[in-house]
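Tertiary structure, described
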Amino acid sequence: MTVKVNESKCLHCGGCVGSCPKNAIFLNDFVLIFDDEKCSKCKRCVNLCPVTALSMEE
């Protein structure tokens, strides 16, 4: 499973970056970057997103 971002919904608020216990999410020039190797699939970022721009996919 991996985190997917819907860029058209994303507000680039950075909440998901701060919520990640593994520091697997980066905000770079208004683009979210996910490090799948660091991600523990805890879904904190998915659950925190106020506009449901994040999802877990196979």
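I will try to describe carefully the structure that is included in this document. Since the model is a prediction, treat every value here as computed from it, not as a measurement. (Residues numbered from 1 in each chain as written. Predicted model: local features only at pLDDT ≥ 70, side-chain atom pairs only at ≥ 80, totals over all residues. Heavy atoms only, no water.)

**Remarks on unusual backbone geometry**
Residues other than glycine seldom take positive phi values, yet asparagine 23 does so here, at roughly 55°. In this model, lysine 41 sits at a positive phi of 65°, which is unusual for a non-glycine residue. Within the secondary structure, lysine 41 sits in the loop between β3 (31-34) and α2 (44-48). Accessibility expressed as a relative area gives 30% for lysine 41, which makes it partly exposed. (Helix = DSSP H or I, 4+ residues; strand = E, 2+ residues; numbered from the N terminus. Buried < 20%, exposed > 50% of the residue type's maximum accessible area, 1.4 Å probe, protein only.)

**Some thoughts on the side chain of serine 19**
Counting through the fold element by element, serine 19 comes out in helix α1 (residues 15-19). In this structure serine 19 comes out as buried when scored by relative accessible area, which is 17%. Non-local contacts of serine 19, meaning those with residues more than four positions away in its chain, are made with Arg44, Cys45 and Leu48. (Contact = heavy atoms within 4.5 Å.)

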